[in-house]
Amino acid sequence: MIVELGHYALIVALATALVQSVVPVIGARRGDLAMMNVAHPAAIASFLLVLLSFGALTYAYVTSDFSVQNVYENSHSLKPLIFKISGVWGNHEGSMVLWILILVFFSALVATFGGNLPATLRANVLAVQAWITSAFLFFVLLTSNPFARIAPAPMEGRDLNPILQDIGLAIHPPLLYLGYVGFSICFSFAIAALMDGRIDAAWARWVRPWTLAAWTFLTAGISMGSYWAYYELGWGGWWFWDPVENASFMPWLAGTALLHSALVMEKREALRIWTVLLAILTFSLSLLGTFLVRSGVLTSVHTFASDPTRGVFILGILVLFIGGALSLFALRAASLKSGGLFQPISREGALVFNNLFLTTATATVLIGTLYPLLLESLTGEKISVGPPFFNLTFGPVMLPLLLAVPFGPLLAWKRGDLIGAAQRLYMAAGLSLLAGLAALYFATGAPVLAALGIALGFFLVFGALTDLALRSGLGKTSLAVSWKRFAGLPRSTLGGALAHLGLGVSVLGIVGVTAFETEQVREMSPGEVTEAGGYTLRFDGMEPAVGPNYTEDVGHFTVLVDGEPLARMDSAKRLYTARRMPTTEAGILTRGVNQLYVSLGDPVETGEAAGSGTIVVRVWWKPMVTLIWYGTIIMAAGGIISLSDRRLRVGAPSRSRRARAAMEPAE
Amino acid sequence: MMFWVLAAILTAVVTIALLLPLARRVPVVAGGDHDVEVYSDQLSEVDRDSNAGLIDEAEAEYARAEIARRLLRADRRSDAGIEERSGRMRRVAQVGVIVAVPAIAMGAYLTAGSPGLPDQPLASRAAPPSERSGPEMLIAQAEAHLADNPDDGRGWDVLAPIYLRMGRFDDAEMAYANAMRILGPSAERHSGYGETLVAAAGGVISEEARIAFQSARELEPDEPKAAFYLAMALVQEGRNERALQAFEDLAETSPPDAPWMEVVDAQIATLDRERSATGSLTLAPLELPNLAGSQEPSAPSGSSAPSDEAAAIQSMPESERREMIVGMVESLDARLRENPDNADGWMRLMRSYSVLGRDDAANDALTRALEAFPRDSEQGAALLALASELGIDAPAEEAQ
């Protein structure tokens, strides 16, 4: 009954979303506040209904109710509880329900916290959200219903893809979706504003917190996904330019651009057309990502199930929303007046620079992702666009942008002073060059480019610190005063600086691990040792073990420093019994920001070593690698701090004033 | 019942929640106020920045002027505030909500849902009621047993042909390999292993499979399954003369009522006609032995037939495959008309029609079957049970 109630709730959610799609729009057109207000309970109800539905599905998973086809196909009674739960979204149907849950979650947030928005804007935003919700609810109910039942029910499920049986999976998709889907709000704001014909500085202020929230979640989600791939896939890499990764990275790049251009629009009412276009494009890229992943166009770990009708359906949604939005944009863009003027060298100019490079980078990734697909569908020729393409194109685009980042916040609005900004950055630049030289000195034989990369990373970090120091007047006034000024800085300034600092930390990690990583592949017999990053790694032998739903061969290693044992490491090859699928569990030892990474290959079965427990071992020494993810955490923290800025909630006519206005006639 | 009560409550609560705003008389709020708030906040921000020395006075003046312009514009707009309205549109919306929400919800749910089906958490199903204990259940138990005792060769031996018949070829391959590793090779295991490879390859007899069959024959020269596949291998190689010879040898050594004889005879007939070598392969009458056989094959090798045919059928084009299946089903139908005293045959026929989507024909078959086997007989009950499982409506009682 619970399962069926879940099914029913999902359908009622569709009915509610349809009401929310229509009534508030009519209300906004006619200026009927009552009809506009329908959006509010509708959004909350949709969220609760989808939540109920998601809960019912989770209940079916937890109790291993194999009369639900989705559970039968993706779960197993022997699976640990946490993976039974994460299994809910570890498959196509369930993950689409999660997608919708997050969509309606954002609608409910707007309904609850959108008190500062004008009534028509809020009604239209919620209606546009409901259009998206309805489309995806139709998609789920018509092509991917997770509540389809089987009678009689099988006695055992067919297990979850073991690669997806990982704690990373439990957190990664929800976070990623929060970001991905969060940009739907920006999209809805853009469409609502276009329908209203009002796009001004206030609109930018209202849309910014939502952009920030989505951006923060997406940053955390991508980072988590990258770390998950790093330690779960056992390939030793942290970013593969895999189409699915790109699908999440493109909205991030566009969203970052949007975040910056909305800033210009809020301050100066410039870049209006551009900001609206970006808001549309960012979510379009999210939709495109959903299409690529869900349609089965791509074959990868993420494509749980492919079915042509699903692909066509999502393509239809894609065309409808992106096409519709761009048409509306084309219709209205001409009527938008351009805003404040500015010199090329100014804060606005810097942000335009940022936007140009970020969108170029997005386009680069888009081409690299779509071109092979197009080519294959048109000519049948299979090519793979791998890291070489992206390293050659994406890298050079990002480089000038990264160099320019510290300058941006130091430039004044309207008319900036580049030389002045450069002078203020002398110290940061000097320190970073020193750091680069130090890298050159300590890592003998390090390529000059790597040293420059390190310097660049430090430049970003010191640049961000310089910005904060200048704003709090450090060195010009007493420490106490500058502390007071620092504490009084707007949160968004603090958050921005922190995000830039995090970017620098990530760059440091990327440069460090790319330039100084060592990798060796060798056959090791028990007792044999190898050197990596100043540590001695001893292979102690293999041992079979049994987990709840897998069997594994664990390779034991001991890490030694100067002959003294420091730590033990285990790396394993697992076989998940129900699906007969092997996976590799990497052994990772973290030392400071560096990591030693051990992954097992196949046992040696030919030659004299056969049967002696000899196995192929891949050993990586990855200096500074964790900085990559620490950096993203700092960036996300910057987003959260910025989000706590009081000013982002401004806009609601204060209660007292409204109350007075209502009372006056009575007197 | 409980479900419908809860569903009704859910629907009612949602509908009322959507109706509430439409019923309320709402206060008037001027539309421009929101922007005014934002812009005045921007003004105070400029003041803060200039007091803190972050921007100089001239810049601050510029910014103030700019924001003031926006403020003016917003003020002008706020005159066109939202007025309270009531009227027809609101009434239409109310009626729309009242009608649409329950109608959409019920309509869609009744087509897609399974309202009668209870939850079936595994824990509460641990001891399945005496109704059929189901092959899945047995397999699951065997799998659980083997997960704990992976060295139980007999378990693998039992499971291997079952996997094969279910089309789980990878599992079958593994099970045969395990059985051979633990219990040692036997003709049966070798030929079963070979058959798995053939089935997994869609009917093609690979070199590895051929070696397996040959090993089987070395252990037991009379093993009919191995003999059959080795002959088929010859057909696939285009060596029709030798293939014909091999089939004829097999026919001689087999009892005349062996379940594979029909296939063998057909192959002999085809080869006899000296058809082109490649064309002959797909002409094997694939599902016939299974449909025609009135009893489960008793010889252990008899289980070979279905999966092999399935593989061969799978390698055929869709239209041809369907045509062949329809032909076979119709011949079964005709035979049952002549000799209706075959409960298994009726069940197969009902199942086939149901798979083919010909529900009326399945219905008809059930009616005729019930004429041969009364409802209260054991077979009659089994027929009715199958019918309900397949979703075939039983004929009204007076048919008896």
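Please read these numbers as outputs of a predicted model, since none were measured by experiment. (Residues numbered from 1 in each chain as written. Chains lettered and ligands numbered in written order. Predicted model: local features only at pLDDT ≥ 70, side-chain atom pairs only at ≥ 80, totals over all residues. Heavy atoms only, no water.)

Even after reading the chapter, I still don't get the overall build of chain B, so can you show me in this structure?
Assigned secondary structure in chain B consists of 18 helices and zero strands. When the 400 residues of chain B are sorted by exposure, 41% land in the buried category. For chain B, long-range pairs separated by at least 24 residues make up 58% of all intrachain contacts whose partners lie at least 6 apart in sequence. Of the roughly 21300 Å² of accessible surface on chain B, 55% is carried by carbon and sulfur atoms. (Helix = DSSP H or I, 4+ residues; strand = E, 2+ residues; numbered from the N terminus. Buried < 20%, exposed > 50% of the residue type's maximum accessible area, 1.4 Å probe, protein only. Contact = heavy atoms within 4.5 Å. Areas by Shrake-Rupley, 256 points an atom, 1.4 Å probe, with all protein chains shown as cover.)

Explanation requested: the side chain of H260(A) in the structure shown.
All names here are of chain A. With respect to the helices and strands, the residue H260 is situated in helix α10 (residues 243–268). A polar contact of 3.4 Å, which involves the side chain of H260, links it to the side chain of N354. Once residues within four sequence positions are removed from consideration, H260 is found in contact with L351, N354, N355 and H500. (Polar contact = N/O pair within 3.5 Å; in protein donor to acceptor, adjacent residues only side chain to side chain.)

Explanation requested: the sheet that holds strand β1 (residues 518–524) of chain A in the structure shown.
Residues and elements named next belong to chain A. Here four strands make up an open sheet; going across it, the order is β1-β9-β8-β7 and the pairing antiparallel. The two strands at the open ends of the sheet, each matched to only one other strand, are β1 and β7 (587–591). When the angles between neighbouring strand axes are averaged without regard to direction, this sheet yields 15°. Bridging between strand β8 (residues 594–603) and strand β9 (residues 615–622) involves seven bridges; their strand directions are antiparallel. Directly across from L600, in β9, lies its bridge partner V617. (Pairing = 2+ DSSP bridges. Axes fitted to C-alpha atoms, helices over the stretch in contact; angles between N-to-C directions.)

I would appreciate a short explanation of the pairing of β8(A) in the present structure.
Sheet faces and side chains relate simply in a regular strand, where the side chains alternate between the two faces. Residues and elements named next belong to chain A. Taking burial as the measure, the ten residues of β8 include eight buried ones, the bulk of the element. With five bridges connecting them, β7 and β8 associate as antiparallel partners. When the sheet's bridge partners are listed, T590 is paired in β8 with Q595. Remark: two residues form the turn of the hairpin made by β7 and β8, two consecutive strands paired antiparallel; G592 in that turn has positive phi of roughly 60°.

Sorry, what's going on with the packing of helix α9 (residues 201–232) of chain A against helix α20 (residues 626–643) of chain A here?
Two packed helices can be described by the angle between their axes and the distance between those axes. Residue and element names in this part refer to chain A. Two elements in contact, α9 and α20, have axes whose closest approach is 9 Å; the angle formed by their N-to-C orientations is 165°. Classified by the interaxial angle, the pair formed by α9 and α20 is roughly antiparallel. Considering how the two elements wind past one another, α9 and α20 form a crossing that is left-handed. Each of P209, L212, A213, W215, T216, T219, S223, S226, Y227 and Y230 in α9 lies in contact with α20, whose residues at this interface are W629, T632, M635, A636, G639, I640, S642 and L643. The residue inventory of the contact of α9 with α20, partitioned by class, reads eleven nonpolar, seven polar and no charged. (Parallel < 35°, antiparallel > 145°, perpendicular 65-115°, else oblique. Left-handed = near helix turned anticlockwise from the far one by under 90°. Nonpolar A, V, L, I, M, F, W, Y, C, P; charged D, E, K, R; others polar.)

Can you help me understand the nonpolar core in this one?
Nonpolar side chains in soluble globular proteins tend to be buried together. Among the nonpolar cores identified, the biggest contains 185 residues, and W99(A), F187(A), F189(A), W203(A), F249(A) and I280(A) are the most heavily contacted of them. The leading source of residues in this core is helix α8 (residues 167–196) of chain A, at 17 residues. For W99(A), the residues in contact, after removing those within four places along its chain, are I132(A), F136(A), Y177(A), Y180(A), V181(A), F283(A), L287(A) and T290(A). In terms of nonpolar packing, the next biggest core, distinct from the first, is built from 45 residues, W156(B), A231(B), V263(B) and V264(B) among them. (Core = buried A, V, L, I, M, F, W, Y, C linked by side-chain atoms within 4.5 Å.)

Teacher, can you tell me more about the domain arrangement of chain A here?
In many analyses, interface size is given as the accessible surface area lost on bringing the parts together. Residue and element names in this part refer to chain A. Segmentation of chain A into domains returns domain 1 (1–165), domain 2 (200–406), domain 3 (425–516) and domain 4 (518–622). Computed from C-alpha coordinates alone, the two centres of domain 2 and domain 3 are separated by 27 Å. Contact residues are listed per partner, giving nine residues for domain 2 and twelve residues for domain 3. On the domain 2 side of the contact with domain 3, W238, L402 and P406 bury the most area, a combined 54% of that side's loss. Taken together, the connections running from domain 2 to domain 3 amount to zero salt bridges. Our count for the contact surface shared by domain 2 and domain 3 stands at zero residue pairs in polar contact (both at pLDDT 80 or more). (Domains from an automatic or database assignment. Buried area = accessible area lost by both parts, 1.4 Å probe. Salt bridge = Lys/Arg side-chain N within 4 Å of Asp/Glu carboxyl O.)

What should I look at first to understand the pairing of strand β2 (residues 529–532) of chain A in this one?
All names here are of chain A. Side chains of β2 alternate between two faces, with T530 and A532 buried and V529 and E531 left unburied. One ladder, built from four bridges, connects β2 with strand β3 (residues 535–546); its direction is antiparallel. Paired with T530 across the strands is L537, a residue of β3. The turn joining β2 and β3, which pair antiparallel and follow one another in sequence, is formed by two residues; a positive phi near 55° is taken by G533.

How do you make sense of the side chain of E269(A) when you look at a structure like this?
Looking at where E269(A) falls in the secondary structure, it is placed in the loop between α10 and α11 (272–294). Reaching out from E269(A), the side chain makes a polar contact with the backbone nitrogen of A201(A) at a distance of 3.0 Å.

Sorry, what's going on with the interface of chain B and chain A here?
Listed by partner, the interface residues are 63 residues for chain B and 76 residues for chain A. Taken over both partners, the interface formed by chain B and chain A buries close to 6200 Å², and the fraction arising from carbon and sulfur atoms is 63%. When the buried surface of chain B facing chain A is broken down by residue, H34(B), D119(B) and L122(B) rank first, second and third, together holding 10% of it. In this assembly, chain B and chain A are joined by six salt bridges. We note a salt bridge from R70(B) to E269(A), for which the minimum N-O separation is 3.8 Å. At the level of secondary structure, the elements contributing two or more residues to the side of chain B that touches chain A comprise α1 (2–23), α2 (33–51), α3 (57–78), α4 (88–112), α5 (135–148) and α7 (169–183) of chain B. For the side of chain B that touches chain A, the class distribution of residues is 37 nonpolar, seven polar and 19 charged.

What is the right way to look at the confidence of the model for chain B in this model?
In low-pLDDT regions, the fine details of the predicted coordinates are not to be read closely. Residue and element names in this part refer to chain B. Considering every residue of chain B, the mean pLDDT works out to 75; 78% of them sit at 70 or more. Mean pLDDT across the secondary structure elements of chain B bottoms out at helix α13 (residues 288–292), with 35, and peaks at α1, with 91. The low-confidence segment residues 128–132 (pLDDT under 50) makes two contacts with residues lying over four places distant or belonging to another chain. Here the predicted complex scores 0.71 on pTM and 0.79 on ipTM. (pLDDT = per-residue confidence, 0-100.)

How should the packing of aromatic side chains be read in this particular structure?
In this description, a pair of aromatic rings is defined by centroid distance and the angle of the planes. All names here are of chain A. The full count for this structure, using the stated rule, is 36 aromatic pairs over all chains. Plain terms: the ring middles of W239 and F249 are 5.4 Å apart, the flat faces sit at 65° to each other, and that makes the pair edge-to-face. Of this pair, W239 sits in the loop between α9 and α10 while F249 sits in helix α10, and the two are ten residues apart along the sequence. Judged by its relative accessible area of 13%, F249 falls in the buried class. (Phe/Tyr/Trp six-rings, centres within 6.5 Å; stacked < 30°, edge-to-face > 60°.)

Can you walk me through unusual backbone geometry in this structure?
Leaving glycine out, the prevailing phi sign among residues is negative, and the prevailing peptide bond configuration is trans. Residue and element names in this part refer to chain A. For S64, which is not glycine, the phi torsion reads 50° and is therefore positive. Locating S64 in the fold gives a position in the loop between α3 (39–62) and α4 (69–74). Despite not being glycine, L271 has its phi angle at roughly 60°, a positive value. With relative accessibility at 21%, the residue L271 sits in the partly exposed group.

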